[in-house]
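These are the residues of each chain, in order.
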Amino acid sequence: MASPQSLPDTQKAIRWHPPSYDIRVEDVPVPRVQHPDDAIIKVKLGALCGSDLHIYRGHGGVSQAHTCGHEFIGEVVALGENFRSNAQGRPALYSSLSVGDKVVSPFTVNCGECHVCRLGYTGRCPDGYLFGSPALEGGQAQYVRVPRAGGTLFNLSNPSTWSSALPNDVKQKALSNISDSSLLLLADILPTGVFAALQAINHPKVAPVITGKPWPLCFSKDVVPGNEVNFTDSDRMLTIAIIGLGPVGVCATVSMLDVLATRDIPFQIVAIDPIESRREKMKAVYDTIDAAGKGSGKFSVLSIDEAKVRVEEWTNGVGATAVLEVVGNTSALNLGYELVRAFGVIVSVGVHGAPPLPVTGRQLYNKNVSLDFGRCPARAMFPMAFDLLVKRQDVFGKVGEPASLIDRIVDFSQAAESYRAFDKGEVGKVIFDPWN
Ligand SMILES: [Zn+2]
Ligand SMILES: [Zn+2]
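An unreviewed UniProt entry lists the protein chain under the name Alcohol dehydrogenase, with Leucocoprinus leucothites given as the organism. Here is the UniProt Cofactor (unreviewed entry) comment for the protein chain, exactly as written: "Zn(2+)".

Asker: What is the right way to read the overall build of the protein chain from this model?
Answerer: Of the regular secondary structure elements, the protein chain holds 17 helices and 16 strands. Expected size for 436 residues packed as a compact globule is a radius of gyration near 22 Å; at 22 Å, the protein chain falls within 12% of this value. For the protein chain, the spread of C-alpha atoms along the principal axes amounts to about 70 × 45 × 40 Å. A separation of at least 24 residues holds for 73% of the contacts in the protein chain among residues at least 6 apart in sequence.

Asker: Hey, could you run me through the nonpolar core in this one?
Answerer: Nonpolar side chains in soluble globular proteins generally cluster together in the buried interior. Residues Leu186, Ile240, Ala241, Ile242 and Leu324 are the most contacted members of the largest nonpolar core, which totals 121 residues. Setting aside chain neighbours within four positions, we find Ala241 in contact with Val270, Ile272, Ala307, Val311, Ala320, Val323 and Leu339.

Asker: What's the story with the UniProt feature "domain: Alcohol dehydrogenase-like C-terminal" (unreviewed entry) in the protein chain in this structure? I'm lost.
Answerer: The feature "domain: Alcohol dehydrogenase-like C-terminal" (unreviewed entry), as given by UniProt, occupies residues 268-388 in the numbering adopted here. The span residues 268-388 is 46% helical and 24% strand by assignment, and the distance between its end C-alpha atoms comes to 21 Å.

Asker: How should I be thinking about the UniProt feature "domain: Alcohol dehydrogenase-like N-terminal" (unreviewed entry) in the protein chain in this particular structure?
Answerer: Those places that UniProt annotates as "domain: Alcohol dehydrogenase-like N-terminal" (unreviewed entry) correspond, in this numbering, to residues 36-149. The span residues 36-149 shows a helical share of 12% and a strand share of 25%, and its end C-alpha atoms are spaced 10 Å apart.

Asker: Help me understand unusual backbone geometry, please; the structure alone is not making it clear to me.
Answerer: In terms of backbone geometry, most residues other than glycine have negative phi values and most peptide bonds are trans. Put simply, Pro18 and Pro19 share a cis peptide bond, and its omega is 5 degrees. Residue placement: Pro19 occurs in the loop between β1 (10-17) and β2 (22-29). The omega torsion across Trp215 and Pro216 is -5 degrees, close enough to zero to call that bond cis. Relative to the helices and strands, Pro216 resides in the loop between α8 (207-211) and β9 (238-243). The backbone of Asp264 shows a phi angle near 55 degrees, a positive value even though the residue is not glycine. Structurally, Asp264 can be placed in the loop between α9 (247-262) and β10 (267-272). The exposure class assigned to Asp264 is exposed, which follows from the 9 C-beta atoms found within 10 Å. Here Phe343, not a glycine, exhibits a phi torsion of approximately 60 degrees, which is positive. Locating Phe343 in the fold gives a position in strand β13 (residues 340-348).

Asker: Help me understand the sheet that holds β1, please; the structure alone is not making it clear to me.
Answerer: Neighbouring strands of a sheet are bound in pairs by backbone hydrogen bonds; such pairs are parallel or else antiparallel. Spatially, β2-β1-β4 is the arrangement adopted by the 3 strands of the open sheet, whose pairing is antiparallel. Strands at the two margins of the open sheet, each flanked by one partner only, are β2 and β4 (66-67). When β1 meets β4, the two strands line up antiparallel, connected through 2 bridges. Residue pairing for β4: Trp16 is matched across the bridge by His66.

Asker: What exactly am I supposed to notice about the packing of helix α7 (residues 189-201) against helix α15 (residues 378-391) here?
Answerer: Helix packing for two helices is described by the angle between their axes and how far apart those axes are. Contact geometry of α7 with α15 gives a least axis separation of 8 Å together with a crossing angle of 95 degrees. Classed by the angle they form, the pair α7 and α15 counts as roughly perpendicular. Contact with α7, carried on its side by Leu190, Pro191, Thr192, Val194 and Phe195, involves Ala378, Met381, Phe382, Met384, Ala385, Leu388 and Leu389 of α15 and no other residues of that element. Of the residues assigned to the contact of α7 with α15, the class counts are 11 nonpolar, 1 polar and no charged.

Asker: Help me understand the environment of Val103, please; the structure alone is not making it clear to me.
Answerer: Mapped onto the elements of the fold, Val103 is located in strand β6 (residues 102-104). The class for Val103 is buried, based on 24 C-beta atoms found within 10 Å. With residues near it in sequence (within four places) discarded, Val103 still touches Ile41, Gly74, Val76, Leu153, Phe154, Asn155 and Leu156.

Asker: Looking at this structure, I do not really get the sheet that holds β10. What am I missing?
Answerer: With parallel pairing, the 6 strands of this open sheet are ordered in space as β11-β10-β9-β12-β13-β14. Two strands in the sheet have a free side with no partner beyond their single neighbour: β11 (298-302) and β14 (370-373). Strand-to-strand, the axes of this sheet are offset by a mean angle of 15 degrees, without reference to chain direction. Of the pairings in the sheet, the one linking strand β12 (residues 320-325) to β13 comprises 5 bridges and is parallel in character. For Val323, the partnering residue across the bridge sits in β13 and is Ile346. Strands in contact with α7 are β9, β12, β13 and β14; relative to β13, the strand with the most contacts, it is inclined by about 155 degrees.

Thresholds, definitions, all that
- Residues numbered from 1 in each chain as written.
- Chains lettered and ligands numbered in written order.
- Predicted model: local features only at pLDDT ≥ 70, side-chain atom pairs only at ≥ 80, totals over all residues.
- UniProt positions renumbered as here; feature names shortened; annotations may be inferred.
- Helix = DSSP H or I, 4+ residues; strand = E, 2+ residues; numbered from the N terminus.
- Rg over C-alpha atoms; globule rule 2.2 N^0.38 Å.
- Contact = placed C-beta atoms within 7 Å.
- Core = buried A, V, L, I, M, F, W, Y, C linked by C-beta atoms within 7 Å.
- Buried ≥ 20, exposed ≤ 12 C-beta atoms within 10 Å, placed from the backbone.
- Pairing = 2+ DSSP bridges.
- Axes fitted to C-alpha atoms, helices over the stretch in contact; angles between N-to-C directions.
- Parallel < 35°, antiparallel > 145°, perpendicular 65-115°, else oblique.
- Nonpolar A, V, L, I, M, F, W, Y, C, P; charged D, E, K, R; others polar.

This is the structure:
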C-alpha cells in the first residue's frame, strides 16, 4: 500500500449559497480522514447534474451553503485505518483499496454491509448520504471525503473487484481505452438511465406484453388449461414514452433501446422534449447507434403535442405500456398520466420537489396506474451500466460532437455560467476540471 500523500491545507471548490442561483468558487479546507472507514479522493473530474439544479433553484429544501456535486472520479490519496490487508468480514475494498488507485463513486454513500445494501437498494442505505448536500460536501472540488468508502467506491484500477457480464481481461482492456470523462458517467446518470429502463421492463404490469400470457398467468410457468389466450402482434407490442431528453433521459433511452434490442422485444418508443436542441441531440444519438444496439422498433423524437397524437395513433387510443418520467416536475408527471394506458406504469427517476403530486387517488384508481418513484441504487446498477458504457462508446465516449452525451469540459472559472446555462437547457452534460 502506497504511503498517504501529503495534502495541502486549502482547495478550490464550487459552492452553493442560499437562497438560490448563487454559485461561487471558494477556498475551503481540504478534507481529512475523520473516521477509519473514510477515503480522501483527489478529484480528477466532477460533473454537473440535473439534480444539482433543484438545490441551485432553491427548491431542494436546503438553507446551508455547501460544496456542490455528487458525480466525481479521481485518485485515492488517503485512507482510514480500517483499510488493511486483513479486513475480514467487510466489503472487499477494505482489504484491497490502495492510495493511488483510480476510483469512481456512486452519488450516494452506501455501507455495503446492511440488509438494505444486500438487497441491492444501495441508494437508500440507512447510513447513506448524498454527496453535495449539507450532510456531505460534494465532488465539484479538488478533494472530497468519502465515508464508508470500502462499501461505496468502485476501484477502476482493479476491475476484478466488481462483477460484470464481461470477462476481466475485456474489462481491463476497456478501462485502458475509456476516458475519465466517460467513466464519470458511471457515478449517476448512466446507472440511473439503466435503472429507469429496467424498472419499466421488469414491472409486473408489463409482464403480459413481454411474456405473451395474460394477467395473472404471466407470472406462472404453467399454462392453466382452458385459459390460453392467443395474443395478436399488437398485443405483444411494447409502447414506451420517455419524457425529458436531458442527459439522464438520453441515458435512459439508450439503455431502453439496448435492453429491447438484446431481448428481441417488439417495441415502439416516443422520446419527448419541448426543447428542440435536446430533440436534435437525441436524434443524433439514435442515428449513431448500430442496429444491434437499437433493434428495429419504431422510434420517434417529438414535442409534447406531437407525442400525444403519436401515442394515440400507435395504440388505437389505449396508451403507452410504460412511461419513463426523467424530469421530476408536475407537468412531466401530468403528461405521463395522460400518455400511459390503463394498467400501465410510470417510472419516475426525476427528483421531485415539495409540491403535491398532480394526480389524485381517484385518477390512479380509474386507470390502475402504478407510480414507481425514486433514486437509483447506483452502486447496485454499476456493473450493468459499465457494460453498456463499454458497448456504447459511440455515444458516451467523446466530448462535444453532435452525438456525444457530454457537451463540454470546463474549468472552475466557468462554474456559475455553466449552472446558469444548464438550468436554461442551453447546454447538455457539463464536466468540471478542478485543476485546469
Ligand atoms: Zn447526478
Ligand atoms: Zn447499507
